[in-house]
Amino acid sequence: MPDLGSRHVSVVSVTNLVEITELNFGYGSRLVLKGINLTVRKGSLVAIMGLSGCGKTTLLRLIGGQLQAHEGSVMVAGQHLNNMSQSDLYALRRRLGMMFQFGALFTDLSVYDNVAFQMHEHTSLSESVIRDLTLMKLNAVGLRGVQSLMPSELSGGMARRVALARATALDPELILYDEPFAGLDPISLGVIGQLIRRLNDALGATSILVTHDVQESLKIVDYVYFVSEGVIVAQGTPEQIRASTLPFVHQFIWGEADGPMPFHYPAKTMANDLGLREV
Amino acid sequence: MVLESTLRNIRLVGDGTLKIVERIGATVVFLGLTLTQSATSFRRFDLVIREIFYAGVQSLIIIMVSGLFVGMVLGLQGRETLQNYGSEQSVGVLVALSLVRELGPVVAALLFASRAGSAITAEIGLMKATEQLSAMEMMAINPMARVVAPRFWGGVISMPLLAMLFSAMGIIGGFLVAVVLIGVDDGAFWSQMQAAVDFRHDIANGIIKSLVFGIAVSAIATFEGYEASPTAEGVYGATTRTVVS
């Protein structure tokens, strides 16, 4: 596997928040992730990129403990997730935040209640303190003014920003983002990208971003892992990735229609399908 | 050929039976899990009260109107039949016992399943499809305790109250038709009813019956929603199964 950032690896081995070693995972007999090795340094913003269905969201779910590795180990904040009890897993998750692909806001709660949800559930803070904290979180994403609206009244970009405020409500150590840029207009996309970077630095958190939006991600992340067909095919800093001559990375970065990922799905010959006699 | 077809049919019946038994078993296990995760519902009873509002209060119109009309039909048909035997004044007893013992719990449960049960299934199913349940899990909050158990207890508490209201409205319906419209003696209507309806044997048993229906309907509704495939078709299928089951 081509390693485009060996300097980075030598640094992260000291202070890794996430360490995945020789991970194999599959649904039924179909192996989705094969021999994954991945490390995320504390305080960094790391992107996991790849085509739709390549296994990157599965990888994120394994890091969040929603799925269990079949082989290999997943270690988050120094704890092995394999065979962890539910109470231990919940204790660990209190230190994590996750933003889902379309926000996953609770549709029966207002924007304010969505952001305050974890504070109400997990803390014994007074209502006035919760109110102040919630408004600060909403202010950080520029949406203090929509606190009384319901999620159905928000645009896609606004819902994503509220979800970001909710994911950071308890100042998590690790924030996981599942396709945060999917379906956004260019302005919302830029806003979300900048917020992800700013919040990560302001909170002193570590973030893992699963995405296939190359240009926006490369602007904000520290390190990139490329996944293809369940295998990490390349890794490196954004500069190293941009300069990569690996055919898959090149095709992905520049959005070329044909390359290692063929344009045509495997099929019989055209002449055969049209019932023509091949010459 | 005939043997093959017979064997295939037997296999189909066996397969169908196994699936039904498996589904019942899974629902019972789910009910057990719900009960073990019910502490939050009782510690924060406001969560259950909210569900009583959605499942119970919002079902009031359909329950009361249906009860009224069922009682009216019983009053009319009961009086028609009883007058042939010269005992039309017993129509109050017929209306009350039919409603309190049988029709109240059963019809109210059917209406409750189709209105509130399907709504609970659809809500939980959509929460799953839009990853709200996963989001809750990732926040270290157990959806069984925070979403499923309050809805289950909201349904269980609402059901007997709705069944009692159904019966009460039915008796009023029977009274309106038999006494007010047709002219059966109102003293006989009420006094015979009072004498014939026993609190423990009739009313308490009816309440217990409706409580059991409430547990069954709420368990099935929450189970189907929680186990629904996270797609539009999955939620559609789950709501249908809730009403049919």
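Rules and cut-offs
- Residues numbered from 1 in each chain as written.
- Chains lettered and ligands numbered in written order.
- Predicted model: local features only at pLDDT ≥ 70, side-chain atom pairs only at ≥ 80, totals over all residues.
- Heavy atoms only, no water.
- Helix = DSSP H or I, 4+ residues; strand = E, 2+ residues; numbered from the N terminus.
- Buried < 20%, exposed > 50% of the residue type's maximum accessible area, 1.4 Å probe, protein only.
- Contact = heavy atoms within 4.5 Å.
- Areas by Shrake-Rupley, 256 points an atom, 1.4 Å probe, with all protein chains shown as cover.
- Lys, Arg positive; Asp, Glu negative; His and termini not counted.
- Charge placed at Lys NZ, Arg CZ, Asp CG, Glu CD.
- Rg over C-alpha atoms; globule rule 2.2 N^0.38 Å.
- Expected span 1.5 Å × (residues − 1).
- Pairing = 2+ DSSP bridges.
- Axes fitted to C-alpha atoms, helices over the stretch in contact; angles between N-to-C directions.
- Core = buried A, V, L, I, M, F, W, Y, C linked by side-chain atoms within 4.5 Å.

**Student:** Could you give an account of the overall build of chain B, naming the residues involved and the relevant values?
**Tutor:** Secondary structure assignment for chain B yields 10 helices and 0 strands. The secondary structure elements of chain B, listed N-terminal to C-terminal, are α-α-α-α-α-α-α-α-α-α. In terms of overall dimensions, chain B has C-alpha extents of about 65 × 65 × 30 Å along its principal axes. Relative to its full complement of 245 residues, chain B shows a buried share of 45%. In chain B, 82% of the contacts between residues at least 6 apart in sequence involve partners at least 24 apart. Entry remark: accessible area of chain B is about 12,100 Å², with carbon and sulfur atoms responsible for 69%. For chain B, the distance from the average position of its 16 positive side-chain charges to the average position of its 18 negative side-chain charges is 6 Å.

**Student:** Tell me about the overall build of chain A, and name the residues and values.
**Tutor:** Counting its secondary structure elements, chain A contains 11 helices and 10 strands. Computed over the C-alpha atoms, the radius of gyration of chain A is 21 Å, within 12% of the 19 Å expected from 2.2 N^0.38 for a compact globule of 279 residues. For chain A, buried positions account for 50% of its 279 residues. Considering only contacts within chain A whose residues lie at least 6 apart along the sequence, 65% involve residues at least 24 apart. Element-wise, carbon and sulfur atoms account for 54% of the exposed surface of chain A, whose accessible area totals about 13,000 Å². When the 22 basic and 26 acidic side-chain charges of chain A are each reduced to a single mean position, those positions are 2 Å apart.

**Student:** Any chance you could break down helix H4 (residues 60-82) of chain B for me, citing the residues and the numbers?
**Tutor:** Think of an α-helix as turning once every 3.6 residues; residues three or four places apart then point the same way. Its 23 residues place the ends of H4 of chain B 32 Å apart at the C-alpha level, agreeing with the 33 Å of an ideal helix rising 1.5 Å per residue. For H4 of chain B, the elements touching its buried residues are helix H5 (91-129) and helix H7 (143-182) of chain B.

**Student:** Can you explain the sheet that holds strand S2 (residues 30-41) of chain A? Please cite residues and give values.
**Tutor:** Residue and element names in this part refer to chain A. Pairing is antiparallel across the open sheet formed by 4 strands, whose spatial order is S2-S1-S4-S5. Single-partner strands in this sheet number two, and they are S2 and strand S5 (79-80). Where strand S4 (residues 71-76) meets S5, 2 bridges bridge the pair, whose relative direction is antiparallel. By the bridge assignment, Met75 is partnered in S5 with His80. Seen against the sheet, helix H2 (residues 56-63) touches strand S1 (16-27), S2 and S4 and runs at an angle of roughly 120 degrees to S1.

**Student:** A description of the nonpolar core should follow, citing residues and the corresponding values.
**Tutor:** All names here are of chain A. The biggest cluster of nonpolar side chains holds 41 residues, and the ones touching the most others in it are Met49, Leu164, Ile196, Leu209, Val224 and Phe226. Those elements giving two or more residues to this core turn out to be strand S3 (45-50), helix H4 (111-122), helix H6 (156-167), strand S7 (174-178), helix H7 (186-203), helix H8 (214-220), strand S9 (223-228) and helix H10 (247-254). Counting residues per element, this core draws most heavily on H6, which supplies 6 residues. Ignoring any residue separated from it by four or fewer positions in sequence, one finds Val224 in contact with Ala47, Met49, Leu218, Ala234, Gln235, Gly236 and Ile241. Counting residues in hydrophobic clusters, the runner-up holds 39 residues, among them Val32, Val74, Ala104 and Tyr223.

**Student:** Can you lay out the pairing of S3 of chain A for me, pointing to particular residues and giving the numbers?
**Tutor:** Residue and element names in this part refer to chain A. For S3, the buried fraction is high: 6 of the 6 residues fall into the buried class. Burial along S3 is two-sided: Leu45, Ala47 and Met49 and Val46, Ile48 and Gly50, pointing in opposite directions, are all buried. Where S3 meets strand S8 (residues 206-211), 5 bridges bridge the pair, whose relative direction is parallel. Looking at S8, one finds that Ala47 is bridged to Leu209. Of the pairings in the sheet, the one linking S3 to S9 comprises 5 bridges and is parallel in character. Considered in S9, the bridge of Ala47 is made with Val224.

**Student:** I'd love a proper account of the pairing of S1 of chain A, names of residues and values included.
**Tutor:** Residue and element names in this part refer to chain A. Where S1 meets S2, 8 bridges bridge the pair, whose relative direction is antiparallel. Across the sheet, Ile20 pairs through a bridge with Leu38, a residue of S2. A loop of 2 residues connects S1 with S2, the two strands running antiparallel in sequence, and Gly28 in this loop sits at a positive phi of about 65 degrees. The pairing of S1 with S4 spans 5 bridges and is antiparallel. Paired with Asn24 across the two strands is Glu71, which belongs to S4.

In short, geometric facts, not functional conclusions.
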